[in-house]
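Summary of the model geometry
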Protein chains: 2
Amino acid sequence: MYRSHNCGELNAGHINKEVTLSGWVQKSRDKGFIVWVDIRDRYGITQLVFDEERTSKEMLERAQKLGREFVIQVKGKVIERASKNPNMPTGEIEILVSELTILNKALVPPFTIEDETDGGEDVRMKYRYLDIRRNPVKNNLIFRSKVSMEVRNFLSGNGFIEVETPYLIKSTPEGARDFVVPSRMNGGQFYALPQSPQTFKQLLMVGGMDKYFQIVKCFRDEDLRADRQPEFTQIDCEMAFVEQEDILNIFEDLTRHLLKNVNGVEVDKFPRMLYDDAMRLYGNDKPDIRFGMEFGELNDITQHKDFKVFNDAELVVGIAVPGGNAYTRKEIDKLIDWVKRPQVGALGMIYSRCNDDGSFKSSVDKFYDQDDLAKWAERTGAKSGDLVCVLSGSTNKVRAQLSALRMELATRLGLRDPKVFAPLWVIDFPLLELDEETGHYHAMHHPFTSPKPGQLELLDTDPGAVKANAYDLVLNGNEIGGGSIRIHDKETQATMFKHLGFTPEEAKEQFGFLMDAFQYGAPPHGGLAFGLDRLVSILGGQETIRDFIAFPKNNSGRDVMIDAPAQLGQEQLDELKLQLKTK
Amino acid sequence: MYRSHNCGELNAGHINKEVTLSGWVQKSRDKGFIVWVDIRDRYGITQLVFDEERTSKEMLERAQKLGREFVIQVKGKVIERASKNPNMPTGEIEILVSELTILNKALVPPFTIEDETDGGEDVRMKYRYLDIRRNPVKNNLIFRSKVSMEVRNFLSGNGFIEVETPYLIKSTPEGARDFVVPSRMNGGQFYALPQSPQTFKQLLMVGGMDKYFQIVKCFRDEDLRADRQPEFTQIDCEMAFVEQEDILNIFEDLTRHLLKNVNGVEVDKFPRMLYDDAMRLYGNDKPDIRFGMEFGELNDITQHKDFKVFNDAELVVGIAVPGGNAYTRKEIDKLIDWVKRPQVGALGMIYSRCNDDGSFKSSVDKFYDQDDLAKWAERTGAKSGDLVCVLSGSTNKVRAQLSALRMELATRLGLRDPKVFAPLWVIDFPLLELDEETGHYHAMHHPFTSPKPGQLELLDTDPGAVKANAYDLVLNGNEIGGGSIRIHDKETQATMFKHLGFTPEEAKEQFGFLMDAFQYGAPPHGGLAFGLDRLVSILGGQETIRDFIAFPKNNSGRDVMIDAPAQLGQEQLDELKLQLKTK
């Protein structure tokens, strides 16, 4: 038996008990005649003591030679500490060691195993197994496990069945790129790894499985933006015989369950916002509503003067920055530089200071008088002491730019408290999205999403106007889940594929099995998927999903610890009937 | 709202209630003036009634036209049935329908959606979504979900943390074949799909995670034997600071928890058997101990006569078939044919009848007298009325042959009751296994398994004799789990790789990260993995794992429903810098 207790549980109640502990040497203090060693495991830290009077000389000497991260086992008696540490659960006691065994030595770790480490991201990723010993990473993984269990408890308790769907499926070129897997037994053919179990969960609905969920890995071979992973985890859910309202209610309950059981936070009924309103008021389909700073559209009150920049703009839109009139001219210039960075892309920014005396001072006083500026303030909700920031340009671009500015300012103003949770449903998404590069429409959610009743006809005349039974769950400015009511009849699905540019042959080859299934008694159904990595990181009060993944990949899709991907031997390639293109 | 109740919950207590149900038409009986329709969903079947007197003519006619598997919604009143069906939970009532909506029509399904269907395996796999509507398949999937939840509840309750390990890892040619995944972003390089999360769970132990589990898909590109799947699910577990005894105890508790909570069966402490004893007594490392028929080794009591077949044999071994003396000569001849089938491969079988009068009659009476045969009976435990069956040959082969015969006879004799559960630990497996084709030793469990203390030296002199800290959990003649105490120091791991034929360079390239990790303070650790597919099927009283997988692949590794794997477009191949070998 390696231990009678763990390193986090002993306290004054255990005094005089003989115990056995195992763990890692966190640190030691050597006063020559007395040595204290902190022993650490997953559960905490306990102080060990060796001294001249009560410990054998030989053991004292061995204790003095213990290095950081050595793995040791000790036996000894729990005694009261002379100087107690009220900040540690085990701070009342220490262990007077009678037996010391070195279970394994350790090289000096390449970074300190402390909450605040001296290791940079790269070295921590290479030695991720050491990084995981650190409380912040360890606790994030334990937190993730707890969230997953709570999800399963809630869904199982509500009659959902977890069904495992296959990982080796078929590639469908539509949408993001698939990772593919050559089949040795079917030479020249390939499986694909699922981007989501979408079609399988719909087939489960056709199969009568009614309430399905799965916590499942999904795969997308995309060029990685910051904080995207080629493999990620979804809480994938689907229900039959439901309308959108049923789905919103049950997954709102799930989210509320998590906030309560994981974070101890009670949240009221989630507000709902139309997609169009989200875009108009926040420039964004995943608004952070922990704070206001709603957009005020100013076209009608700015385009009556000779200011050409505004007059030429499709949209003129502003926000009020609380207390922003305190900014110096230099600070405002910096803000203007910020919106002009290529990542944001604005051409400039107009502002209007709301002075305490009720007057205004703008960067365009040449064009606009006090009455005009008063309207800007009114429209953006600016009060005395605030600053109105105004951007202009084409609607989509300027919304994205002002949204970025809004989030940046909120961060600077401390309005994005990670302990505050503001969930929000965004509903009535467009069915299709115009790809401005190609001029083609593609499915905004996915090709299985149903249009709003009665809007199917619009597909021919005004495809961009068709709204879908599609919804996102937003938490603190992050999309944590999204879903839709699905198409469940073959004709609508075929129409949909046609509008997405599939020939009937392509549709049949790629999704024939699904359209066949719809002919054999498909029930109305819909669902939702949460991004678990994101959900966990938001609930955990952080925004970097990598910190909640045990062994993440870097931005080139590499696992630097195991050094993957790697080259294959020729024999393996031969078996797969593959060769590498050299050019 | 599509339904107020499901199709399995209404009973006499609901009489006079107005309800809404949705589901599939199971069947209908049309008497002209009255039509009964059974509506089915995941939860059960409810009888609907439409009749001339109480139903509109138009609706009665529409009811008459409902086809099998149409998806319908009905509103109506719960009424008492004239002729009750006590075999159905809803058999006391029926619904007098006031409103009928066809939600979706259905083609006639290619096989009947009944517990006993007329559909063969192939057609049911192609239309798996219809097969899942059948109770046996549906209930198996629900059963699987329940087992998984119980596993998670038990392990979480015992402090295990579920950690997701990566699916895109590195190929290691040792062992079974990997499925590989070409990396587009790292041209010419490949990921591999994990055969198990073995090295990652060991790294989690190095990382201090202490008690880990994961229910996880694993992948092996093997030529598929019957009832093997290229993707399968493991309950993967690992613990640090444990000895073999700790691991056996906790996973015995888990198994007992499942038997109790899933099957309602209480099981005492699991027996333990040495691997050597299992091979000697059952010819097999996963003996079914629901019944006896233990092997009796007969060398010393058969090789003193002139029967050359036995005298030349490395092993002469028999079993007693209870009541087998009742077999006719013809039946015994058939048994002999059975053991001579190529799948079993025996050259013949000697037998001795144990007559009721205490005499014996054998097929080798020319060589053996009554005293000899009495010893055979004693050694195999045969009683009057039994039949002793004896095989001979080289030890490994003859044990496998007699084991196959033992299982076949037990099945014929009804000794393998799927409702009886006989778990067993088989311990002290050999560390290495001789590959008789190549003459090389390879790891019996895997290269990370530790030899028994003090046996490392034997590796040089008698590698086959080295025993490992390795154990299997056997249930009813099936290996449901297996594991080992791992090596946790670099030197032993390097020695192990050397004996498995790795050069130091190969070991470093493939497993350098693990051996590096062992230098930074690796704790003693070990673990176990259950095969979930197998476990679920055994607990479910069946032996075909495919029946417990929602979307299984066939013996060519194909998903015949979605028709995967499939060819890729040239563009996809180009992006991956791959080309197919044509020869």
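Residues numbered from 1 in each chain as written. Chains lettered and ligands numbered in written order. Predicted model: local features only at pLDDT ≥ 70, side-chain atom pairs only at ≥ 80, totals over all residues. Heavy atoms only, no water.

Here we look at the sheet that holds strand β22 (residues 525–531) of chain A
All names here are of chain A. Across the sheet, 8 strands lie side by side as β6-β9-β10-β22-β21-β20-β17-β11; this open sheet has mixed pairing. Either end of the sheet is taken by a strand with one partner, and the two such strands are β6 (161–162) and β11 (272–274). Of the pairings in the sheet, the one linking strand β21 (residues 478–485) to β22 comprises 5 bridges and is antiparallel in character. Within β22, the residue paired with Gly-483 across the bridge is Leu-528. (Pairing = 2+ DSSP bridges. Helix = DSSP H or I, 4+ residues; strand = E, 2+ residues; numbered from the N terminus.)

Notes on a negative patch on the surface
Residue and element names in this part refer to chain A. A surface patch of like charges, here negative, comprises Glu-114, Asp-115, Glu-116 and Asp-118. Structurally, the position occupied by Asp-118 is in the loop between β5 (93–104) and α2 (121–126). With relative accessibility at 56%, the residue Asp-118 sits in the exposed group. (Patch = residues over 30% accessible without salt bridge, like charges linked within 9 Å, V, L, I, M, F, W, Y side chains within 5 Å. Areas by Shrake-Rupley, 256 points an atom, 1.4 Å probe, with all protein chains shown as cover. Salt bridge = Lys/Arg side-chain N within 4 Å of Asp/Glu carboxyl O. Lys, Arg positive; Asp, Glu negative; His and termini not counted. Charge placed at Lys NZ, Arg CZ, Asp CG, Glu CD. Buried < 20%, exposed > 50% of the residue type's maximum accessible area, 1.4 Å probe, protein only.)

Comments concerning the pattern of salt bridges
According to the stated counting rule, one finds 96 salt bridges over all chains in the structure shown. Among the ionic pairs, A:Arg379 bridges to A:Asp300, the shortest N-O distance being 3.0 Å. Residue A:Arg379 is located in helix α11 (residues 370–380), and its partner A:Asp300 is located in helix α8 (residues 299–302); the two are separated by 79 residues in the primary sequence. A salt bridge links B:Asp333 to B:Arg329; its shortest N-O distance comes to 3.3 Å.

Thoughts on the domain arrangement of chain A
Domains assigned within chain A are domain 1 (12–104), domain 2 (139–272 + 423–548) and domain 3 (291–412). Measuring from the centre of the C-alpha atoms in domain 1 of chain A to the corresponding centre in domain 3 of chain A gives 62 Å. (Domains from an automatic or database assignment.)

What to know about the packing of aromatic side chains
Residues and elements named next belong to chain A. Under the definition given, this model contains 47 aromatic pairs over all chains. Ring plane angle 85 degrees and centroid distance 6.2 Å describe the contact between Phe-307 and Tyr-368, whose orientation is recorded as edge-to-face. Note that Phe-307 is positioned in the loop between α8 and α9 (308–311) and Tyr-368 in the loop between β15 (360–362) and α11, a separation of 61 residues in sequence. Taking the relative accessible area as the measure of exposure, Phe-307 reaches 9% and is therefore buried. Measuring from centroid to centroid gives 4.8 Å for Phe-497 and Phe-502, while their planes differ by 55 degrees, and the two rings are tilted. (Phe/Tyr/Trp six-rings, centres within 6.5 Å; stacked < 30°, edge-to-face > 60°.)

Describing the sheet that holds strand β16 (residues 387–393) of chain B
The strands making up a sheet are joined through hydrogen bonds of the backbone, oriented either antiparallel or parallel. All names here are of chain B. Ordered in space as β12-β13-β16-β14-β15, the 5 strands form an open sheet in which the pairing is antiparallel. For this open sheet the edge positions go to β12 (296–297) and β15 (360–362), each flanked by a neighbour on one side alone. Relative to β16, strand β13 (residues 315–321) runs antiparallel, the two sharing 7 bridges. If you follow Val-316 over to β16, its bridge partner there is Ser-392. Contacts from helix α10 (residues 329–340) reach β14 (350–354) and β16, with the element oriented near 145 degrees to β14. (Contact = heavy atoms within 4.5 Å. Axes fitted to C-alpha atoms, helices over the stretch in contact; angles between N-to-C directions.)

Section: the interface of chain A and chain B
Contacts between the two partners involve 122 residues from chain A, matched on the other side by 122 residues from chain B. Buried area between chain A and chain B, both sides added, is near 11000 Å², and the carbon and sulfur share of it is 60%. If you sort the residues of chain A by the area they bury against chain B, A:Glu164, A:Phe241 and A:Tyr520 come out on top, with a joint share of 8%. At the surface where chain A touches chain B, the tally comes to 14 salt bridges. Close ionic contact of A:Lys581 with B:Asp574 constitutes a salt bridge, the shortest N to O distance being 2.3 Å. At the junction of chain A and chain B, the tally comes to 63 residue pairs in polar contact (both at pLDDT 80 or more). The leading source of residues in the side of chain A that touches chain B is helix α4 (residues 135–157) of chain A, at 9 residues. For the side of chain A that touches chain B, the class distribution of residues is 65 nonpolar, 26 polar and 31 charged. (Buried area = accessible area lost by both parts, 1.4 Å probe. Polar contact = N/O pair within 3.5 Å; in protein donor to acceptor, adjacent residues only side chain to side chain. Nonpolar A, V, L, I, M, F, W, Y, C, P; charged D, E, K, R; others polar.)

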